Amino acid sequence: MLVILISFAFSFGLLLTRIGLPPMVGFLVAGFAYNMAGLLPPDGLNLVADIGITLLLFSIGLKLDVKGLLKAEIWASATVQMIATTIFMSGVLIAGKYLFDVAFMQMSLQTIFILGFALAFSSTVFAVKVLEEKGDLTAFYGRIAIGILIMQDLFAVLFLSISAGKIPTVWALLVLTLPLLRPLLFKLMDMAGRGELFILCGLFFALGVGAEGFYLVGLKPDLGALIVGVLIAGHPRASELSKALFGFKELMLVGFFVSVGMTGLPSIAMITTALLLCIILPIKTGIYHAIVSWFGLRARSSLFSALSLTNYSEFGLIVAAIAVEQGLLSSQWLIIMAITVSISFAISSPLSSHSEFVYRRMLLWLTRFERDFCHPHDAPVDLGSVKAVVFGMGRIGTGAYDKLKEKFGLDICGIEHAPERVDFNRAKGRNVVLGDACDTEFWLKLRKDLDLEMVVLAMPNHQGNVYAAHQIRNMNINCQVVAVARFPEEVEELSKIGVCSAYNMYEQAGAGLIEKAMNSVECTLRA
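Residues numbered from 1 in each chain as written. Predicted model: local features only at pLDDT ≥ 70, side-chain atom pairs only at ≥ 80, totals over all residues. Heavy atoms only, no water.

**Structural notes on the overall build of the chain**
Point 1. The secondary structure content of the chain amounts to 24 helices and six strands.
Point 2. The 527 residues of the chain split such that 51% are buried.
Point 3. A separation of at least 24 residues holds for 74% of the contacts in the chain among residues at least 6 apart in sequence.
Point 4. Accessible surface, the chain as shown: approximately 25,600 Å² in total, 66% of it carbon and sulfur. (Helix = DSSP H or I, 4+ residues; strand = E, 2+ residues; numbered from the N terminus. Buried < 20%, exposed > 50% of the residue type's maximum accessible area, 1.4 Å probe, protein only. Contact = heavy atoms within 4.5 Å. Areas by Shrake-Rupley, 256 points an atom, 1.4 Å probe, with all protein chains shown as cover.)

Written out as structure tokens, the structure is:
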């Protein structure tokens, strides 16, 4: 059975990618096809799916800025959106109750509001996957979308605790002492080194300390993984741990998407209901857009945030399962919710992938919703009248900055995406601006009348340097562009796209080492 399921997942995943949809939609279709074939799910599939979700939330925690959740554009947007969308969806379901004479629509008002609440959520799994594929997870609009989803997850935890009637044990108070474990967790990461032990360290933190620890005290396991991820997010190797777990997490999530498609076989009435729920998705998108725009986001950022949230959440399946278990809801709604979530993913995917096209077509209409003020993080980037710019203020970038300062004086600027590194360099007297050169929004907000003489691409990620070089060329900035690389093929790739000088870090480091040694020998001989 396992081999057949893997074959189904691969085949449908490959097929759907050929027509421009993400593999996850293919995995959902594979689940339905597997179920329609009358095959039984392999043992342990639900466990694999649960591990995938747990690791996903753990990886989100590793990148989560807790202070960001306290910002009004996050917590207020999420709260207002949940209330507004729940009321709207409940109204739709009430109308459906009287318009359609089918058994599964005959629900109590309490059940209708529960379903409306479930339909108000957007999928964390889908949004994170799409943003990762676009490389916009750290973009401002991406951070807004993820922040709203995290707040929704917190609402979900609260609802599940209340609806299940499960009160956390008194030991749940120990969660408040978790920050005291932070030094120990950091020490374990340092001791784990690299390779397989480092990956096991991440799995231990996510599944052992986080998920199992919270389960034992009566709290939601996924929330535990998220919080433990947040605790160790400040470690220098947190990003490395996220990358190490990436492949394992992706494989486990295949199990989740396939399991969603195995919920059951639909009838015509169920499919029709799911389609009608998906038809009103634009209204849900409009609610997101209107609320986010209120906080001063540009039309583009508001639209992109809303489009990444234009879907229904797998949480709806969980709510439906609870309602069925408590006898409030027909079991047919489990299948309806599974189809609705699947179709919403198929709708949302091309919208997110072609969000730039959608924005251009709707630009004149969307600008009507812009406020008179602009959010500070979404405002145009003004580098001033600088002559030289250094992208990436790590060890190489700061060295290049200090050397260039001898020639350009104060007419030089550094660009760095890590806030703590920006603060460090500013404390050293360097002119550094917070910005991510790998983010499309950065280049769109960048002032176009720059009069640069030199650009240094010193980011550690080669693809980031390549992307920045392409953007510089697209903006027709006529200046000398130099970049660092690690391998000869990277130097060649940079040279082909117009980089004047591409330096192999390892070769230059070796030459610099010998030059310094020779200078030291000459100084010793003169002495």
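Let us keep going from here.
**Quick notes on the pairing of strand S4 (residues 454-457)**
The side chains of a regular strand alternate between the sheet's two faces.
Point 1. What you see with S4 is no split at all: Met454 and Val456 on one side and Val455 and Leu457 on the other are buried throughout.
Point 2. In terms of strand pairing, strand S1 (residues 388-391) meets S4 through four bridges, oriented parallel. The residue of S4 that forms the bridge with Val390 is Val456.
Point 3. Of the pairings in the sheet, the one linking S4 to strand S5 (residues 480-485) comprises four bridges and is parallel in character. Bridged to Val455 within S5 is Val481.
Point 4. Once the chain exits S4 it traverses helix H22 (residues 462-474) before rejoining the sheet at S5, and the crossover so formed is right-handed. (Pairing = 2+ DSSP bridges. Right-handed = clockwise from strand over helix to strand, strands pointing away.)

**Some thoughts on the packing of aromatic side chains**
Point 1. Counted by the stated rule, this structure contains nine aromatic pairs.
Point 2. Here the aromatic rings of Phe204 and Phe205 are separated by 6.0 Å at their centres, their planes lie at 45°, and the arrangement is tilted.
Point 3. You can call Phe204 partly exposed: its relative accessible area is 45%.
Point 4. On the basis of relative accessible area, Phe205 is assigned to the buried category, the value being 0%.
Point 5. Judged by centre distance (6.4 Å) and plane angle (85°), the ring pair of Phe304 and Tyr359 falls under edge-to-face. Taken as a pair, Phe304 in helix H15 (residues 299-308) and Tyr359 in helix H18 (residues 355-366) lie far apart in primary sequence, 55 residues in all. (Phe/Tyr/Trp six-rings, centres within 6.5 Å; stacked < 30°, edge-to-face > 60°.)

**Section: the pattern of salt bridges**
Point 1. This model, assessed by the stated rule, comprises seven salt bridges.
Point 2. Between Arg237 and Glu240 there is a salt bridge whose closest N-O contact spans 3.1 Å.
Point 3. When its relative accessible area of 27% is taken as the criterion, Glu240 is described as partly exposed.
Point 4. Its salt-bridge partner being Lys387, residue Asp451 comes within 3.2 Å of it at the nearest N-O pair. Of this pair, Asp451 sits in the loop between helix H21 (440-445) and S4 while Lys387 sits in the loop between H18 and S1; the two residues are 64 residues apart in sequence, bridging distant segments of the chain. (Salt bridge = Lys/Arg side-chain N within 4 Å of Asp/Glu carboxyl O.)

**A word on empty space enclosed by the protein**
Gaps between atoms show up when a probe of the same size as a water molecule is rolled over them.
Point 1. Under the counting rule described, the total for this entry stands at three cavities of 30 Å³ or more.
Point 2. Its volume calculated, the largest cavity comes out at about 40 Å³.
Point 3. Met459, Pro460, Asn465, Val484 and Ala485 are, among the 10 residues lining the largest cavity, the residues nearest its centre.
Point 4. Elements that contribute at least two residues to the lining of the largest cavity include exactly H22 and S5.
Point 5. When grouped by side-chain class, the residues that make up the lining of the largest cavity number five nonpolar, three polar and two charged. (1 Å grid on protein atoms, 1.4 Å probe; cavity = no way out; pocket = protein on both sides within 12 Å on 5 of 7 lines; lining within 4 Å. Points joined across faces, edges and corners; volume = space filled by probe spheres on them. Nonpolar A, V, L, I, M, F, W, Y, C, P; charged D, E, K, R; others polar.)

**Examining the nonpolar core**
Considering soluble globular proteins, one finds that nonpolar side chains tend to be buried as a cluster.
Point 1. Ranked by size, the top nonpolar core spans 93 residues in total, and within it Ile60, Ile146, Phe257, Tyr312 and Trp333 carry the most contacts.
Point 2. Looking at which element gives the most residues to this core, the answer is helix H8 (residues 140-163), with nine residues.
Point 3. Counting residues in hydrophobic clusters, the runner-up holds 31 residues, among them Phe391, Leu450, Val466 and Val491. (Core = buried A, V, L, I, M, F, W, Y, C linked by side-chain atoms within 4.5 Å.)

**Focus on the side chain of Thr398**
Point 1. By the element assignment, Thr398 lies in helix H19 (residues 395-408).
Point 2. Since its relative accessible area comes to 14%, Thr398 is described here as buried.
Point 3. A distance of 3.0 Å separates the side chain of Thr398 from the backbone oxygen of Arg395, its partner in a polar contact.
Point 4. Not counting residues within four places of it along the chain, the set of residues in contact with Thr398 comprises Met393, Asn425 and Arg430. (Polar contact = N/O pair within 3.5 Å; in protein donor to acceptor, adjacent residues only side chain to side chain.)

**Observations regarding H22**
Point 1. End to end, H22 covers 19 Å across 13 residues, agreeing with the expected 18 Å (1.5 Å per residue, within 8%).
Point 2. Listed as buried for H22 are His462, Gly464, Asn465, Val466, Ala468, Ala469, Gln471 and Ile472. (Expected span 1.5 Å × (residues − 1).)

**Considerations on the pairing of S1**
Point 1. In S1, alternate side chains face the same way, and those of Ala388 and Val390 on one face and Val389 and Phe391 on the other are all buried.
Point 2. Bridge count between S1 and strand S2 (residues 412-416): four bridges; the pairing is parallel. From the neighbouring strand, Val389 faces S2, where its bridge partner is Cys413.
Point 3. The parallel pair S1 and S2 is bridged by H19, and the resulting crossover is right-handed.

**Topic: a nonpolar patch on the surface**
Point 1. A contiguous nonpolar patch, built from Val170, Trp171, Leu173, Leu174 and Leu176 and spanning about 610 Å² of accessible area, is present on the exposed surface.
Point 2. Along the chain, the position of Leu173 falls in the loop between H8 and helix H9 (182-191).
Point 3. Assessed through its relative accessible area of 57%, Leu173 is described here as exposed. (Patch = residues over 30% accessible without salt bridge, like charges linked within 9 Å, V, L, I, M, F, W, Y side chains within 5 Å.)

**Comments concerning the environment of Thr367**
Point 1. Relative to the helices and strands, Thr367 resides in the loop between H18 and S1.
Point 2. At 2.9 Å, the side chain of Thr367 forms a polar contact with the backbone oxygen of Leu364.

**Things to note about the packing of helix H5 (residues 72-99) against helix H6 (residues 109-119)**
Point 1. It is the contact of H5 with H6, at a shortest axis distance of 7 Å, that shows an interaxial angle of 130°. Classified by the angle between their axes, H5 and H6 sit oblique to one another. Crossing geometry of H5 relative to H6 is assigned as right-handed. Along its contact with H5, which presents Met82, Thr85, Thr86, Met89, Ser90, Leu93, Ile94 and Lys97, the element H6 presents Leu109, Ile112, Phe113, Leu115, Gly116, Phe117 and Leu119.
Point 2. Of the residues belonging to the contact of H5 with H6, the class tally is 10 nonpolar, four polar and one charged. (Axes fitted to C-alpha atoms, helices over the stretch in contact; angles between N-to-C directions. Parallel < 35°, antiparallel > 145°, perpendicular 65-115°, else oblique. Left-handed = near helix turned anticlockwise from the far one by under 90°.)

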